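Coordinate analysis (summary)
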Amino acid sequence: KRSYDFFMDGLAKLLYDERYRREILLAEEPYFVASTRYKEYPISIFDSSEFWVCIEGKIYDKTRSLLEDELSVLLRHVFQASCMSEEDKNIISEWLLNTDGDFMLYALNKNTKDFVIMNDILGRLPFYYHYDEKGDFIASREIQLLAHLTDSNNNCKNKLDRIGMAEVLLFSHTLGKRTLLSNIHRLEPASLLMVKSGNIKPKIINLHRFNFEKKE
């Protein structure tokens, strides 16, 4: 629902020095995916007749061709999220458990126009999202971008989350999906966030939780 200039203005605030540049990765209604990064920052694009895929960060010990083959199979299970079976969920979580890396995965199903975002098993790269009932969904690795865009949207400053502030004072960090800003949430590790083409409200599925109480 927002204009191209609206997002580009927000991205301009993330150009921290002369090394950074803005780059549009995908512009296909109703989605707009862009990055601000320095040249060496790792982003890989996989584009086929079925899926558009972007990997941000690093996946270790897998060649590009192997990763491309795995993703084409994996995403067929991922895009079943609206009616995901336990088998689908187990296949995806097993892939995450056996994929070492610090990464975010972004993927568009070209046929259905559904879009998914998934992080690694430990959620090593912080990722934030915002949704309101007006139908605005914004997600980013940079919480500053969400703070700026939601300020512009509401014509007022973001209110701090009082519980988030208390958690930082007590534990030195917020818990779960909470952040210091109200209505801006952090994606928990091993999570799948799906946006359906006909309904921009995100659906979030937790794929795996470690139980550290179980010891060998």
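Whatever comes next refers back to the structure up there.
Throughout what follows, the structure given in this document is the object of discussion. Counting starts from 1 at the beginning of each chain's written sequence and moves along it residue by residue. Two thresholds apply to this predicted model, a pLDDT of at least 70 for residue-level local features and 80 or more for giving and counting side-chain atom pairs, whereas whole-chain, interface and lining totals are computed over all residues. Computation of side-chain values: all heavy atoms of the structure, hydrogens and water removed.

**Describing the side chain of His148**
Every helix listed is a DSSP run of H or I at least four residues long, and every strand listed is a run of E at least two residues long, numbered separately from the N terminus. Positionally, His148 belongs in helix 4 (residues 143-154). Should any heavy atoms of two residues lie within 4.5 Å, those residues are counted as being in contact. Not counting chain neighbours up to four residues away, the residues in contact with His148 comprise Asp9, Gly10 and Lys13.

**Looking at the environment of Trp95**
Note on placement: Trp95 falls in helix 3 (residues 86-97). Sequence separation of Trp95 and Glu70 is 25 residues, and the distance between their C-alpha atoms is 8.9 Å. For Trp95, the contacting residues outside a window of four places in its chain are Ile59, Lys62, Leu67, Glu70, Leu71, Leu74, Phe103 and Met118.

**Some details on the environment of Asn211**
The residue Asn211 is located in the segment after strand 11 (199-206) in this model. Here Asn211 falls in the partly exposed class, since its relative accessible area comes to 42%. Sequence-wise, Asn211 and Met84 are 127 residues apart; in three dimensions their C-alpha atoms are separated by 23 Å. For Asn211, the side chain forms a polar contact with the main-chain nitrogen of Glu213, separated by 3.0 Å. Only protein chains enter the accessibility calculation, which uses a 1.4 Å probe; a residue is then buried when its area is under 20% of its type maximum, exposed when over 50%, and partly exposed in between. Polar contacts here mean pairs of N or O atoms no more than 3.5 Å apart (in protein, one a potential hydrogen donor and the other a potential acceptor; neighbouring residues in sequence count only if both atoms are side-chain atoms).

**As for the sheet that holds strand 6 (residues 115-119)**
Judged by pairing direction, the sheet is antiparallel, and its six strands sit side by side in the order 3-4-5-6-10-11 without closing on themselves. Only two strands of the sheet have a single partner each, and these edge strands are strand 3 (43-47) and strand 11. Ignoring strand direction, the axes of neighbouring strands in this sheet form an average angle of 15 degrees. Bridging between strand 3 and strand 4 (residues 51-59) involves five bridges; their strand directions are antiparallel. Residue pairing across strands places Ile43 opposite Glu56, the latter belonging to strand 4. Angles here are taken between N-to-C directions and fall from 0 to 180 degrees, while the axes themselves are lines fitted to C-alpha atoms, restricted in helices to the stretch in contact. Running over the sheet, helix 2 (residues 64-78) touches strand 3, strand 4, strand 5 (101-109), strand 6 and strand 10 (191-196) and is turned about 120 degrees from strand 4. Strands in contact with helix 3 are strand 4, strand 5, strand 6 and strand 11; relative to strand 6, the strand with the most contacts, it is inclined by about 45 degrees. Think of it this way: DSSP has to see at least two bridges between two strands before they count as a pair.

**Things to note about the pattern of salt bridges**
Salt bridge, as applied in this entry: a Lys or Arg side-chain nitrogen positioned within 4 Å of an Asp or Glu carboxyl oxygen. Within this structure, the stated rule accounts for 15 salt bridges. Put simply, Arg124 and Asp102 hold a salt bridge, and the shortest N to O gap is 3.4 Å. Separated by 22 residues along the polypeptide, Arg124 in the loop between strand 6 and strand 7 (128-131) and Asp102 in strand 5 bring together distant segments of the chain. We classify Asp102 as partly exposed; its relative accessible area is 24%. The partner of Lys196 in a salt bridge is Asp114, and the shortest N-O contact between them spans 3.1 Å. On the criterion of sequence distance, the pair formed by Lys196 in strand 10 and Asp114 in the loop between strand 5 and strand 6 is long-range, its members being 82 residues apart. Judged by relative accessible area, Lys196 falls into the partly exposed class, the value being 29%. Here Asp114 falls in the buried class, since its relative accessible area comes to 5%.

**Section: the nonpolar core**
Core analysis: the biggest nonpolar cluster contains 26 residues, and Leu71, Trp95 and Met118 have the highest contact counts within it. Of all the elements in the fold, those that place two or more residues in this core are strand 4, helix 2, helix 3, strand 5, strand 6 and strand 10. Looking at this core, the element that brings in the most residues is helix 2, giving five residues. Discounting chain neighbours no more than four positions away, the residues touching Leu71 are Phe46, Val53, Ile55, Trp95 and Leu105. Joining through side-chain atoms within 4.5 Å is the link that ties buried Ala, Val, Leu, Ile, Met, Phe, Trp, Tyr and Cys residues into a set, and such a set is a nonpolar core. Formed by 20 residues, the second largest nonpolar core is a distinct cluster that contains Tyr31, Val33, Leu108 and Ile117.

**Focus on unusual backbone geometry**
In this structure, Pro30 follows Glu29 across a cis peptide bond, with omega equal to 0 degrees. You can see Pro30 is positioned in the loop between strand 1 (21-28) and strand 2 (31-37). Unlike most non-glycine residues, Lys113 shows phi in positive territory, near 65 degrees. Considering the arrangement of structural elements, one finds Lys113 in the loop between strand 5 and strand 6. Exposure remark for Lys113: the relative accessible area of 29% places this residue in the partly exposed category.

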